[in-house]
Amino acid sequence: MDYNYNLNLSSLPKELRLLLEIVKAENDDGISTSLKELLVGIDWELFLELARHHRVYPLIYSRLSKLEEKIIPDNIFEILFQEYKKNTFQMLKLSGEMERLGKFFSEKQIRLLFLKGPAIAADIYGDISLRTSKDLDILIPLTDLKRAEELLLNFGYIKKEEFPAIFNEWQWLNHHKTYFHPLMGIEIEIHWRLHPYPSKEPSFNELWERKRTSILTSTPIYFLGKQDLFLFLVVHGARHGWFRLRWLVDIDLIIRKGFISEKNNMYQPSHIIGQALILTSQLLKSPINGEMYSLTVGKRSRNLAKLTIRYIIEMGKLHINKSTEVPGEKYRYSPISTLIYFKNSIFFDRVLFSMMGTLQKCFFIIRFLYPKPIDAMTLRLPKPLHLLYFPLRPFLWVWRKSRKPI
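Here is what the cut-offs are and how they apply
Residues numbered from 1 in each chain as written. Predicted model: local features only at pLDDT ≥ 70, side-chain atom pairs only at ≥ 80, totals over all residues. Heavy atoms only, no water. Helix = DSSP H or I, 4+ residues; strand = E, 2+ residues; numbered from the N terminus. Buried < 20%, exposed > 50% of the residue type's maximum accessible area, 1.4 Å probe, protein only. Contact = heavy atoms within 4.5 Å. Areas by Shrake-Rupley, 256 points an atom, 1.4 Å probe, with all protein chains shown as cover. Pairing = 2+ DSSP bridges. Phe/Tyr/Trp six-rings, centres within 6.5 Å; stacked < 30°, edge-to-face > 60°. Salt bridge = Lys/Arg side-chain N within 4 Å of Asp/Glu carboxyl O. Core = buried A, V, L, I, M, F, W, Y, C linked by side-chain atoms within 4.5 Å.

(A) Representation of the overall build of the chain in the model. From N to C terminus, the chain includes 18 helices and seven strands. Sorting the 406 residues of the chain into buried and exposed places 52% on the buried side. In the chain, of all internal contacts separated by at least 6 residues, the share reaching a separation of at least 24 is 73%. Carbon and sulfur atoms make up 56% of the accessible area of the chain, which totals about 20,100 Å².

Right, dumping it as structure tokens:
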């Protein structure tokens, strides 16, 4: 990739670089020299935690199992195998439920598009066992939301407990609802928008016209068209700061499969697409063709990509810290730990804020200042005094952010 531009990846932990080399090795015939060099002095427990955090452990196991040369300790390889097997069972279970739901909704004449899950794994990876998915995300027209909820409840699902809205703002502050089946242990998110307001996106009818049919099931299951899926995954990854490598692997494989060959008809902001292309090309060596290359030369795309590298690193550290916390342990608080945590929180918010357009930033500020249900849980006020949550909102937010245990 001759862009005359390179991200500084020297700050990436060695274990994370090893993960990237193994993922990239899917496109090579053997073990690269750089991969062999990274094996020296690896913290294998950290390597394993990062594989879990980035949700790439099925892909890592698959690649390692095909190598003639053993490059990781036996106990780590065995753990990866068990995680891979567990994920395969999970994806098979989701596949069965996906077909059942698709048939059930079709009989009730509710149009349904699957956004993620096994249908996407089969389409992008060619094998549902190589991608993780904790739930099923489905998109329906907003006008069918009430009927869909009734059907799910009759189907044995229960609505996931939520904080009650203070001012009945659920529709514009949210873009999905969550349901859980206690017997099957399956979670479903019903979306009426692809992304939160005010992101630009096609109408459901437009998406439905471009839909594809999954070959994974005997009953017709529908999911997003190639371009719509690419843009959905790009915006979804950007909204979360790309803190999981799995999202970038999705984009890399879509590019390699030739699903996206030109930049026209891109209805999402060019700097967001450019950021994704820069990250995948430099972290995973994705081949970017000439037409798509023009999206990567923008200053904003490159600045966002730089910021994202640090975000990926810091979110990885946060995951490792959480994974080492002892359940039920009583924590103390100190001014120093509070200051560090508050500083990190501001950084995380700044990264996500910088990826937004002008309208999205305005809406973000409005959403931030608008009272949330969690504010009512933090400080309970009688209903006649609920308007006080507006001036109190920033102070309640700061108080919650400061309550970080050490």
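(B) Representation of the pairing of strand 4 (residues 176-181). When strand 3 (residues 158-159) meets strand 4, the two strands line up antiparallel, connected through two bridges. Within strand 4, the position partnered with I158 by the bridge is F180. Note that strand 4 and strand 5 (residues 186-191) share six bridges and pair antiparallel. Note that in strand 5 the partner of K177 across the bridge is I190. Here strand 4 hands over to strand 5 after four residues, with G185 in that stretch at a positive phi of 70 degrees.

(C) Inspection of the pairing of strand 5 at higher detail. Counting buried positions over the six residues of strand 5 gives six, a clear majority of the element. Sheet topology places strand 2 (residues 135-139) next to strand 5; five bridges connect them, and they run parallel. Within strand 5, the position partnered with D135 by the bridge is E187.

(D) Quick peek at the packing of aromatic side chains. Evaluation of the coordinates by the stated rule reveals eight aromatic pairs. Here W208 and Y222 contribute two aromatic rings whose centre-to-centre distance is 5.3 Å and whose plane-to-plane angle is 70 degrees, an arrangement assigned as edge-to-face. Residue W208 is found in helix 9 (residues 204-209), and its partner Y222 is found in strand 7 (residues 222-223); the two are separated by 14 residues along the sequence. Since its relative accessible area comes to 19%, W208 is described here as buried. Judged by its relative accessible area of 26%, Y222 falls in the partly exposed class.

(E) Just the pattern of salt bridges, in detail. Tallied over the entire structure, the rule returns 16 salt bridges. Between D250 and R131 there is a salt bridge, with its nearest N and O atoms 2.7 Å apart. Residue D250 is found in helix 11 (residues 245-256), and its partner R131 is found in the loop between helix 6 (118-125) and strand 2; the two are separated by 119 residues along the sequence. The two residues D250 and R131 agree in class, both being buried.

(F) View of the nonpolar core. Within the largest apolar cluster, 112 residues are counted, with the highest numbers of intra-cluster contacts made by F47, L80 and F230. Contact partners of F47, with chain neighbours within four places excluded, come to E15, L18, L19, I22, I42, I60, I76 and L80.

(G) How the structure looks around the environment of F114. Inspection of the secondary structure puts F114 in strand 1 (residues 113-114). In this structure, the C-alpha to C-alpha distance between F114 and I190, residues 76 residues apart in sequence, is 9.7 Å. Beyond its immediate chain neighbours, meaning those up to four positions away, F114 contacts M98, G102, I120, L136, D137, I138, I221, Y222, F223 and L224.

Honestly, that's just the spatial picture; any functional story needs more than this.
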